[in-house]
Amino acid sequence: MALTREEREQFLAEPRVAALAVDAGAGRAPLTVPIWYQYAPGGDVWVMTGLDSRKNRLIGAAGRFSLMVDRVEPTVRYVSVEGPVVGTTPATPEQLREISARYLPADKVEGYVSAAWKDHGEQVVLRMRPEHWVSSDLGSL
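Reading the values: rules and limits
Residues numbered from 1 in each chain as written. Predicted model: local features only at pLDDT ≥ 70, side-chain atom pairs only at ≥ 80, totals over all residues. Heavy atoms only, no water. Phe/Tyr/Trp six-rings, centres within 6.5 Å; stacked < 30°, edge-to-face > 60°. Helix = DSSP H or I, 4+ residues; strand = E, 2+ residues; numbered from the N terminus. Lys NZ or Arg CZ within 6 Å of the ring centre and 35° of its normal. Pairing = 2+ DSSP bridges. Buried < 20%, exposed > 50% of the residue type's maximum accessible area, 1.4 Å probe, protein only. Arc of directions from axis to C-beta. Contact = heavy atoms within 4.5 Å.

Time to look at the packing of aromatic side chains. On inspection of all chains with the given rule, the structure shows 3 aromatic pairs. With centroids separated by 5.6 Å and ring planes inclined at 50°, the aromatic side chains of Trp-36 and Tyr-112 adopt a geometry described as tilted. Of the two residues, Trp-36 is situated in the loop between β2 (31-35) and β3 (37-38) and Tyr-112 in helix α4 (residues 106-119); the sequence distance between them amounts to 76 residues. By way of ring pairs, the aromatic residues Trp-36, Tyr-103 and Tyr-112 are connected into one cluster. For Arg-102, the ring lying beneath its charged end belongs to Tyr-37, and the centroid distance is 4.8 Å.

Take the pairing of strand β5 (residues 64-71) next. Pairing between strand β1 (residues 18-22) and β5: 3 bridges, direction antiparallel. Considered in β5, the bridge of Ala-21 is made with Ser-66. One ladder, built from 8 bridges, connects β5 with strand β6 (residues 77-90); its direction is antiparallel. Bridging from a neighbouring strand, Arg-64 pairs with Pro-84 of β6. In this antiparallel pair of consecutive strands, β5 and β6, the connection spans 5 residues.

A separate point is helix α2 (residues 54-62). Since the α-helix turns once every 3.6 residues, residues separated by three or four places project in the same direction. Restricting attention to buried positions, one finds in α2 the residues Lys-55, Asn-56, Leu-58 and Ile-59. Along the long axis of α2, the arc covered by the buried residues comes to 165°, so they all point the same way. Opposite the packed face of α2, turned more than 90 degrees from it, sit the exposed residues Arg-57, Gly-60 and Ala-61. The elements touched by buried residues of α2 are β1, β2, β4 (45-50), β5, β6 and β7 (123-128). Gly-63 occupies a position one or two residues after α2 and carries a positive phi of about 80°.

In this fold, Gly-42 is placed in the loop between β3 and β4. Assessed through its relative accessible area of 60%, Gly-42 is described here as exposed.

In structure tokens form, the structure reads like this:
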């Protein structure tokens, strides 16, 4: 059964690792990779990636990408969202801290941010406006 707008937005707002997919060009399957993301109901989705990464180049060329998040307990549920990139900006340490705090234990965030900011090279934040949604809750199978 499809989720309501409120259910799918709330589900997407939960801290899940997403599968990001973007067109990889002629003769290639889409690039699909796991990624951390940030989302608040009714807003844009944002992800952070390396400025010189293949992912960033492909998203720049395609102008859009999709994310899919799922779970298997207590019920099988997923949400997929796709839309245009509406902004690309240099990442800040504060954004890295915000997204890291979504996924890491509180006592690990500062150490990760310090190391990642030094070691990951120049990062960008890509904002996507959700345009197309697909969602389902298959109940407890």
